[in-house]
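# Commentary on secondary and tertiary structure
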Amino acid sequence: MKKIQMVDLKGQYEKIKTTVDQSILEVLDSTAYINGPKVHEFQSNLENYLGVKHVIPCANGTDALQIAMMGLGLKPGDEVITADFTFAATVEVIALLQLTPVLVDVDEKNFNIDIEAIKKAITPKTKAIVPVHLFGQCANMEAIMEIAQEHNLYVIEDNAQAIGATYTYSNGEKAKVGTIGHVASTSFFPSKNLGCYGDGGAIFTNDDDLAHTIRGIVNHGMYERYHHDVVGVNSRLDSVQAAVLNAKLPNLDTYNSARIKAANAYDKAFEGQEKIVTPHRDGAEDNHVFHQYTLRVLDTDRDALVKHLNENGIPCGVYYPIPLHLQKAYKDSRYNEADFKVTNQLVKEVISLPMHTELDDEQISFITNTVINFINNN
Ligand SMILES: *Cc1c(COP(=O)(O)O)cnc(C)c1O
(Lines give C-alpha, C1' and ligand atoms only; values in the text may rest on other atoms or scores of the structure.)
Protein backbone atom coordinates (compact mmCIF):
# COMPACT_ATOMS: atom_id res chain seq x y z
CA MET A 1 0.00 0.00 0.00
CA LYS A 2 1.18 3.50 -0.81
CA LYS A 3 2.05 5.58 2.25
CA ILE A 4 -1.08 7.43 3.37
CA GLN A 5 -0.89 11.20 3.40
CA MET A 6 -3.33 13.84 4.59
CA VAL A 7 -2.85 15.58 1.23
CA ASP A 8 -0.83 13.98 -1.59
CA LEU A 9 0.57 16.97 -3.46
CA LYS A 10 3.41 14.95 -4.94
CA GLY A 11 1.18 12.24 -6.42
CA GLN A 12 -1.01 14.90 -8.00
CA TYR A 13 1.97 16.84 -9.38
CA GLU A 14 3.49 13.77 -11.03
CA LYS A 15 0.39 13.41 -13.22
CA ILE A 16 0.45 17.01 -14.47
CA LYS A 17 4.18 17.67 -14.29
CA THR A 18 4.71 18.31 -18.02
CA THR A 19 1.93 20.89 -18.26
CA VAL A 20 2.81 22.63 -15.00
CA ASP A 21 6.54 22.74 -15.72
CA GLN A 22 5.91 24.11 -19.21
CA SER A 23 3.62 26.81 -17.85
CA ILE A 24 6.19 27.84 -15.21
CA LEU A 25 8.99 27.88 -17.81
CA GLU A 26 6.97 30.30 -19.91
CA VAL A 27 7.01 32.75 -17.00
CA LEU A 28 10.75 32.34 -16.57
CA ASP A 29 11.31 32.87 -20.29
CA SER A 30 9.09 35.94 -20.40
CA THR A 31 10.50 37.43 -17.16
CA ALA A 32 6.98 38.85 -16.64
CA TYR A 33 7.15 38.03 -12.94
CA ILE A 34 4.70 40.63 -11.65
CA ASN A 35 1.18 40.96 -13.10
CA GLY A 36 2.32 39.14 -16.23
CA PRO A 37 0.12 37.60 -18.93
CA LYS A 38 -0.25 34.37 -16.90
CA VAL A 39 -2.05 36.30 -14.17
CA HIS A 40 -4.47 37.87 -16.65
CA GLU A 41 -5.01 34.56 -18.40
CA PHE A 42 -5.81 32.85 -15.10
CA GLN A 43 -8.14 35.65 -14.05
CA SER A 44 -10.13 35.34 -17.22
CA ASN A 45 -10.14 31.51 -17.17
CA LEU A 46 -11.46 31.54 -13.62
CA GLU A 47 -14.13 34.13 -14.46
CA ASN A 48 -15.34 31.82 -17.23
CA TYR A 49 -15.23 28.73 -15.05
CA LEU A 50 -17.20 30.35 -12.22
CA GLY A 51 -19.55 32.37 -14.36
CA VAL A 52 -18.69 35.54 -12.44
CA LYS A 53 -17.99 38.98 -13.92
CA HIS A 54 -14.85 39.81 -11.97
CA VAL A 55 -12.03 37.80 -10.46
CA ILE A 56 -9.35 39.91 -8.77
CA PRO A 57 -6.29 37.80 -7.97
CA CYS A 58 -4.33 38.61 -4.81
CA ALA A 59 -1.61 37.22 -2.57
CA ASN A 60 -3.56 34.81 -0.34
CA GLY A 61 -6.99 33.94 1.00
CA THR A 62 -6.63 36.02 4.16
CA ASP A 63 -5.79 39.13 2.12
CA ALA A 64 -8.74 38.35 -0.14
CA LEU A 65 -11.12 38.51 2.83
CA GLN A 66 -9.55 41.68 4.16
CA ILE A 67 -9.61 43.41 0.79
CA ALA A 68 -13.22 42.40 0.20
CA MET A 69 -14.16 44.07 3.50
CA MET A 70 -12.09 47.16 2.68
CA GLY A 71 -13.76 47.35 -0.72
CA LEU A 72 -17.20 47.37 0.86
CA GLY A 73 -16.17 50.42 2.90
CA LEU A 74 -16.89 48.81 6.28
CA LYS A 75 -15.98 51.18 9.12
CA PRO A 76 -14.55 50.62 12.63
CA GLY A 77 -17.35 49.57 14.95
CA ASP A 78 -19.44 47.98 12.21
CA GLU A 79 -20.53 44.53 13.30
CA VAL A 80 -19.75 41.54 11.11
CA ILE A 81 -21.40 38.21 11.84
CA THR A 82 -19.46 35.03 11.15
CA ALA A 83 -19.21 31.42 12.30
CA ASP A 84 -17.57 30.38 15.56
CA PHE A 85 -16.43 27.12 13.97
CA THR A 86 -13.96 28.02 11.22
CA PHE A 87 -10.32 28.81 10.57
CA ALA A 88 -9.15 31.94 12.41
CA ALA A 89 -8.43 33.96 9.25
CA THR A 90 -12.09 34.83 8.91
CA VAL A 91 -12.40 36.54 12.28
CA GLU A 92 -8.82 37.81 12.20
CA VAL A 93 -9.34 40.22 9.32
CA ILE A 94 -12.58 41.51 10.83
CA ALA A 95 -10.72 42.38 14.03
CA LEU A 96 -7.69 43.72 12.16
CA LEU A 97 -9.86 46.25 10.33
CA GLN A 98 -11.29 47.29 13.73
CA LEU A 99 -14.68 46.00 12.77
CA THR A 100 -16.50 44.13 15.53
CA PRO A 101 -16.61 40.36 15.01
CA VAL A 102 -19.85 38.76 16.12
CA LEU A 103 -19.31 35.01 16.32
CA VAL A 104 -22.35 32.78 16.13
CA ASP A 105 -22.97 29.05 16.41
CA VAL A 106 -23.13 26.60 13.52
CA ASP A 107 -25.61 23.99 12.37
CA GLU A 108 -24.92 20.59 13.90
CA LYS A 109 -25.59 18.78 10.64
CA ASN A 110 -23.62 20.68 8.00
CA PHE A 111 -21.26 22.61 10.35
CA ASN A 112 -22.08 25.87 8.53
CA ILE A 113 -23.28 29.13 10.06
CA ASP A 114 -26.66 28.69 11.74
CA ILE A 115 -29.46 30.72 10.18
CA GLU A 116 -31.41 31.30 13.41
CA ALA A 117 -28.21 32.34 15.17
CA ILE A 118 -27.56 34.96 12.47
CA LYS A 119 -31.05 36.39 12.93
CA LYS A 120 -30.59 36.55 16.69
CA ALA A 121 -27.24 38.36 16.38
CA ILE A 122 -28.41 41.21 14.15
CA THR A 123 -28.31 44.69 15.73
CA PRO A 124 -28.57 48.18 14.23
CA LYS A 125 -24.75 48.11 13.90
CA THR A 126 -24.64 44.91 11.84
CA LYS A 127 -23.24 45.58 8.38
CA ALA A 128 -22.20 42.21 6.98
CA ILE A 129 -22.44 38.43 7.23
CA VAL A 130 -19.50 36.17 6.37
CA PRO A 131 -20.64 32.61 5.71
CA VAL A 132 -17.76 30.14 5.43
CA HIS A 133 -18.42 27.19 3.12
CA LEU A 134 -16.82 24.89 5.64
CA PHE A 135 -15.00 21.72 4.60
CA GLY A 136 -16.20 22.21 1.01
CA GLN A 137 -19.95 22.40 1.61
CA CYS A 138 -21.96 25.44 0.57
CA ALA A 139 -23.69 27.30 3.39
CA ASN A 140 -27.44 27.91 3.13
CA MET A 141 -27.02 30.87 0.79
CA GLU A 142 -30.66 31.36 -0.10
CA ALA A 143 -31.63 31.95 3.55
CA ILE A 144 -28.54 34.09 4.14
CA MET A 145 -29.23 36.33 1.12
CA GLU A 146 -32.82 36.72 2.27
CA ILE A 147 -31.74 37.90 5.74
CA ALA A 148 -29.17 40.22 4.15
CA GLN A 149 -31.72 41.78 1.87
CA GLU A 150 -34.21 42.28 4.67
CA HIS A 151 -31.63 44.01 6.92
CA ASN A 152 -29.59 45.70 4.18
CA LEU A 153 -26.40 43.76 4.90
CA TYR A 154 -23.48 42.71 2.74
CA VAL A 155 -22.67 39.05 2.30
CA ILE A 156 -19.01 38.08 1.92
CA GLU A 157 -18.57 34.40 1.11
CA ASP A 158 -15.40 32.85 2.50
CA ASN A 159 -14.93 30.32 -0.25
CA ALA A 160 -11.42 29.17 0.66
CA GLN A 161 -12.61 25.58 1.09
CA ALA A 162 -15.32 25.11 -1.54
CA ILE A 163 -14.07 26.30 -4.92
CA GLY A 164 -15.88 24.44 -7.69
CA ALA A 165 -18.90 23.51 -5.55
CA THR A 166 -22.31 24.28 -7.04
CA TYR A 167 -25.24 25.68 -5.09
CA THR A 168 -28.76 24.68 -6.10
CA TYR A 169 -31.55 27.16 -5.31
CA SER A 170 -34.95 25.88 -4.23
CA ASN A 171 -36.27 26.68 -7.73
CA GLY A 172 -33.66 24.36 -9.24
CA GLU A 173 -31.36 27.09 -10.60
CA LYS A 174 -27.67 26.59 -10.00
CA ALA A 175 -24.71 28.88 -9.31
CA LYS A 176 -21.06 28.27 -8.52
CA VAL A 177 -20.28 28.81 -4.87
CA GLY A 178 -18.61 32.20 -4.40
CA THR A 179 -20.78 33.97 -6.98
CA ILE A 180 -23.90 34.34 -4.83
CA GLY A 181 -22.97 36.92 -2.18
CA HIS A 182 -21.97 40.52 -2.90
CA VAL A 183 -18.35 39.44 -2.90
CA ALA A 184 -16.35 36.29 -2.16
CA SER A 185 -12.81 35.37 -1.27
CA THR A 186 -10.84 32.23 -1.97
CA SER A 187 -7.42 30.79 -1.21
CA PHE A 188 -5.06 28.86 -3.46
CA PHE A 189 -2.97 27.55 -0.54
CA PRO A 190 -1.39 24.28 -1.78
CA SER A 191 -3.75 21.95 0.10
CA LYS A 192 -6.97 23.71 -1.00
CA ASN A 193 -9.11 22.12 -3.71
CA LEU A 194 -7.44 24.39 -6.28
CA GLY A 195 -4.00 24.90 -4.81
CA CYS A 196 -0.90 26.53 -6.24
CA TYR A 197 2.69 25.87 -5.16
CA GLY A 198 2.98 28.71 -2.69
CA ASP A 199 0.48 31.34 -1.55
CA GLY A 200 -2.32 32.74 -3.66
CA GLY A 201 -5.85 34.03 -3.41
CA ALA A 202 -8.63 35.84 -5.24
CA ILE A 203 -11.73 37.95 -4.77
CA PHE A 204 -14.89 37.41 -6.87
CA THR A 205 -17.75 39.79 -7.51
CA ASN A 206 -20.45 40.55 -10.07
CA ASP A 207 -20.49 44.22 -9.02
CA ASP A 208 -18.56 46.42 -11.51
CA ASP A 209 -18.05 49.33 -9.10
CA LEU A 210 -16.88 47.10 -6.28
CA ALA A 211 -14.50 45.31 -8.66
CA HIS A 212 -13.02 48.65 -9.70
CA THR A 213 -12.58 49.73 -6.07
CA ILE A 214 -10.94 46.42 -5.18
CA ARG A 215 -8.54 46.51 -8.16
CA GLY A 216 -7.24 49.80 -6.78
CA ILE A 217 -7.02 48.54 -3.19
CA VAL A 218 -4.84 45.54 -4.12
CA ASN A 219 -2.47 47.97 -5.84
CA HIS A 220 -1.70 50.58 -3.15
CA GLY A 221 -5.00 52.40 -3.64
CA MET A 222 -3.94 53.47 -7.15
CA TYR A 223 -6.46 53.95 -9.93
CA GLU A 224 -4.14 56.12 -11.95
CA ARG A 225 -0.39 55.62 -11.76
CA TYR A 226 1.06 57.41 -8.68
CA HIS A 227 -2.31 58.82 -7.70
CA HIS A 228 -3.29 57.19 -4.39
CA ASP A 229 -7.00 57.79 -3.85
CA VAL A 230 -7.57 55.39 -0.98
CA VAL A 231 -5.38 53.52 1.51
CA GLY A 232 -4.63 50.23 -0.14
CA VAL A 233 -2.33 47.26 0.25
CA ASN A 234 0.15 45.41 -1.92
CA SER A 235 -1.42 42.05 -2.60
CA ARG A 236 -0.59 40.31 -5.87
CA LEU A 237 -0.86 36.79 -7.20
CA ASP A 238 2.63 35.82 -8.28
CA SER A 239 3.00 35.06 -12.01
CA VAL A 240 4.64 31.69 -11.27
CA GLN A 241 1.67 30.74 -9.08
CA ALA A 242 -0.74 31.90 -11.79
CA ALA A 243 1.13 29.60 -14.19
CA VAL A 244 0.54 26.65 -11.86
CA LEU A 245 -3.13 27.59 -11.41
CA ASN A 246 -3.66 27.93 -15.15
CA ALA A 247 -2.32 24.43 -15.62
CA LYS A 248 -4.48 23.04 -12.81
CA LEU A 249 -7.82 24.84 -13.35
CA PRO A 250 -8.91 22.54 -16.23
CA ASN A 251 -8.59 19.63 -13.75
CA LEU A 252 -10.60 21.21 -10.94
CA ASP A 253 -13.84 19.37 -11.70
CA THR A 254 -11.98 16.06 -11.99
CA TYR A 255 -10.21 16.78 -8.71
CA ASN A 256 -13.47 17.57 -6.95
CA SER A 257 -15.06 14.40 -8.37
CA ALA A 258 -12.15 12.37 -7.03
CA ARG A 259 -12.74 13.89 -3.59
CA ILE A 260 -16.47 13.14 -3.76
CA LYS A 261 -15.71 9.58 -4.85
CA ALA A 262 -13.37 9.11 -1.87
CA ALA A 263 -16.05 10.58 0.42
CA ASN A 264 -18.62 8.15 -0.97
CA ALA A 265 -16.27 5.23 -0.31
CA TYR A 266 -15.70 6.43 3.27
CA ASP A 267 -19.46 6.84 3.80
CA LYS A 268 -20.13 3.32 2.55
CA ALA A 269 -17.51 1.76 4.80
CA PHE A 270 -18.91 3.57 7.86
CA GLU A 271 -22.52 2.63 7.14
CA GLY A 272 -24.29 1.22 10.20
CA GLN A 273 -21.60 2.38 12.65
CA GLU A 274 -23.59 3.87 15.51
CA LYS A 275 -20.76 5.87 17.02
CA ILE A 276 -19.75 7.47 13.72
CA VAL A 277 -21.61 10.38 12.18
CA THR A 278 -20.52 10.72 8.55
CA PRO A 279 -20.66 14.15 6.87
CA HIS A 280 -24.18 15.36 6.22
CA ARG A 281 -24.75 16.59 2.68
CA ASP A 282 -27.31 19.22 1.78
CA GLY A 283 -29.05 18.65 -1.51
CA ALA A 284 -27.24 17.82 -4.72
CA GLU A 285 -23.97 15.88 -4.83
CA ASP A 286 -22.00 18.83 -6.22
CA ASN A 287 -22.95 21.02 -3.22
CA HIS A 288 -20.08 19.48 -1.23
CA VAL A 289 -16.58 19.20 -2.72
CA PHE A 290 -14.94 17.72 0.39
CA HIS A 291 -12.04 19.95 1.17
CA GLN A 292 -12.12 17.86 4.33
CA TYR A 293 -13.89 14.60 5.15
CA THR A 294 -14.91 15.24 8.73
CA LEU A 295 -16.55 12.70 11.04
CA ARG A 296 -18.14 13.17 14.42
CA VAL A 297 -17.23 10.33 16.74
CA LEU A 298 -19.70 9.77 19.59
CA ASP A 299 -18.92 8.22 23.00
CA THR A 300 -15.31 7.88 21.91
CA ASP A 301 -12.08 9.43 23.14
CA ARG A 302 -11.41 11.42 19.97
CA ASP A 303 -7.86 12.35 20.95
CA ALA A 304 -7.04 8.71 21.65
CA LEU A 305 -8.38 7.86 18.19
CA VAL A 306 -6.10 10.50 16.63
CA LYS A 307 -3.15 8.98 18.45
CA HIS A 308 -4.12 5.45 17.40
CA LEU A 309 -4.44 6.45 13.73
CA ASN A 310 -1.10 8.25 13.79
CA GLU A 311 0.55 5.19 15.35
CA ASN A 312 -0.82 3.16 12.46
CA GLY A 313 0.60 5.46 9.81
CA ILE A 314 -2.66 7.30 9.19
CA PRO A 315 -2.40 11.09 9.38
CA CYS A 316 -5.56 12.93 10.41
CA GLY A 317 -6.57 16.38 11.55
CA VAL A 318 -8.78 18.07 14.11
CA TYR A 319 -10.38 21.05 12.41
CA TYR A 320 -10.97 22.90 14.64
CA PRO A 321 -10.01 22.03 18.24
CA ILE A 322 -10.95 25.35 19.90
CA PRO A 323 -14.02 27.52 19.20
CA LEU A 324 -13.01 30.99 18.03
CA HIS A 325 -15.01 32.66 20.81
CA LEU A 326 -12.72 30.97 23.35
CA GLN A 327 -9.49 32.02 21.64
CA LYS A 328 -7.60 34.65 23.65
CA ALA A 329 -7.53 37.09 20.74
CA TYR A 330 -11.28 36.92 20.10
CA LYS A 331 -12.84 36.60 23.57
CA ASP A 332 -15.64 39.06 24.21
CA SER A 333 -17.59 39.50 27.43
CA ARG A 334 -20.79 39.79 25.41
CA TYR A 335 -20.65 36.14 24.47
CA ASN A 336 -22.77 33.64 26.34
CA GLU A 337 -21.63 29.99 26.41
CA ALA A 338 -25.21 28.80 25.98
CA ASP A 339 -25.19 30.35 22.50
CA PHE A 340 -22.34 28.08 21.31
CA LYS A 341 -23.72 24.68 22.18
CA VAL A 342 -23.00 23.08 18.81
CA THR A 343 -19.49 24.43 18.32
CA ASN A 344 -18.55 23.56 21.91
CA GLN A 345 -19.64 19.97 21.22
CA LEU A 346 -18.13 19.66 17.72
CA VAL A 347 -14.63 20.65 18.86
CA LYS A 348 -14.65 17.51 21.07
CA GLU A 349 -16.03 15.14 18.44
CA VAL A 350 -14.66 16.04 15.01
CA ILE A 351 -11.86 14.27 13.20
CA SER A 352 -10.85 14.81 9.57
CA LEU A 353 -9.52 11.80 7.68
CA PRO A 354 -7.05 11.93 4.77
CA MET A 355 -8.75 13.61 1.81
CA HIS A 356 -7.16 14.35 -1.53
CA THR A 357 -7.33 13.51 -5.20
CA GLU A 358 -4.99 10.49 -5.10
CA LEU A 359 -6.61 8.26 -2.43
CA ASP A 360 -7.10 4.66 -3.55
CA ASP A 361 -9.50 1.91 -2.38
CA GLU A 362 -6.80 0.01 -0.53
CA GLN A 363 -5.89 3.08 1.51
CA ILE A 364 -9.52 3.89 2.23
CA SER A 365 -10.20 0.31 3.44
CA PHE A 366 -7.18 0.42 5.71
CA ILE A 367 -8.21 3.79 7.15
CA THR A 368 -11.85 2.89 7.70
CA ASN A 369 -11.03 -0.54 9.19
CA THR A 370 -8.57 1.04 11.60
CA VAL A 371 -11.15 3.66 12.68
CA ILE A 372 -13.94 1.10 13.09
CA ASN A 373 -11.78 -1.36 15.06
CA PHE A 374 -10.68 1.34 17.45
CA ILE A 375 -14.13 2.77 17.99
CA ASN A 376 -15.73 -0.59 18.70
CA ASN A 377 -12.98 -1.80 21.03
CA ASN A 378 -12.51 1.26 23.22
C1 LIG B 1 -7.33 28.62 4.10
C2 LIG B 1 -8.39 29.49 4.62
C3 LIG B 1 -8.28 30.89 4.65
C4 LIG B 1 -6.99 31.62 4.41
O5 LIG B 1 -6.33 31.37 3.25
P6 LIG B 1 -4.76 31.70 3.12
O7 LIG B 1 -4.53 31.63 1.66
O8 LIG B 1 -4.03 30.64 3.89
O9 LIG B 1 -4.53 33.05 3.68
C10 LIG B 1 -9.37 31.64 5.03
N11 LIG B 1 -10.52 31.05 5.38
C12 LIG B 1 -10.67 29.72 5.40
C13 LIG B 1 -12.00 29.14 5.80
C14 LIG B 1 -9.61 28.89 5.04
O15 LIG B 1 -9.78 27.56 5.05
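This text gives an overview of the structure that appears in the document. What you see is a predicted model, and the numbers here were worked out from it, not measured in a lab.

Rules and cut-offs
Residues numbered from 1 in each chain as written. Predicted model: local features only at pLDDT ≥ 70, side-chain atom pairs only at ≥ 80, totals over all residues. Heavy atoms only, no water. Near = heavy atom within 4 Å. Polar contact = N/O pair within 3.5 Å; in protein donor to acceptor, adjacent residues only side chain to side chain. Areas by Shrake-Rupley, 256 points an atom, 1.4 Å probe, with all protein chains shown as cover. Nonpolar A, V, L, I, M, F, W, Y, C, P; charged D, E, K, R; others polar. Pairing = 2+ DSSP bridges. Helix = DSSP H or I, 4+ residues; strand = E, 2+ residues; numbered from the N terminus. Axes fitted to C-alpha atoms, helices over the stretch in contact; angles between N-to-C directions. Contact = heavy atoms within 4.5 Å.

### A look at the site of the ligand
Around the ligand lies a shell of 13 residues, among which Gly-61, Thr-62, Gln-161, Ser-187 and Lys-192 are the nearest. At a separation of 2.7 Å, an oxygen atom of the ligand approaches a polar side-chain atom of Ser-187. Within the side chain of Lys-192, a nitrogen or oxygen atom sits 2.9 Å from an oxygen atom of the ligand. Bound to the protein, the ligand loses 91% of the 380 Å² it would expose on its own. In terms of residue class, the shell around the ligand is made up of 4 nonpolar, 7 polar and 2 charged.

### Here we look at the sheet that holds strand β3 (residues 100-104)
Taken together, the 7 strands give an open sheet; going across it, the order is β1-β9-β8-β5-β4-β2-β3, and neighbouring strands pair in mixed fashion. Strand pairing shows two members of the sheet lacking a second neighbour, β1 (54-58) and β3, which therefore form its edges. The average angle at which neighbouring strand axes cross in this sheet is 25 degrees, direction not considered. Strand direction decides the pairing type here: strand β8 (residues 183-187) and strand β9 (residues 201-205), joined by 4 bridges, are antiparallel. Bridge assignment links Ala-184 to a residue of β9, and that residue is Phe-204. Set on the sheet, helix α3 (residues 61-71) makes contact with β1, β4 (126-130), β5 (154-158), β8 and β9; between it and β8 the angle comes to about 165 degrees. The sheet strands contacting helix α6 (residues 141-151) are β4 and β5, and the helix crosses β5 at an angle near 150 degrees.

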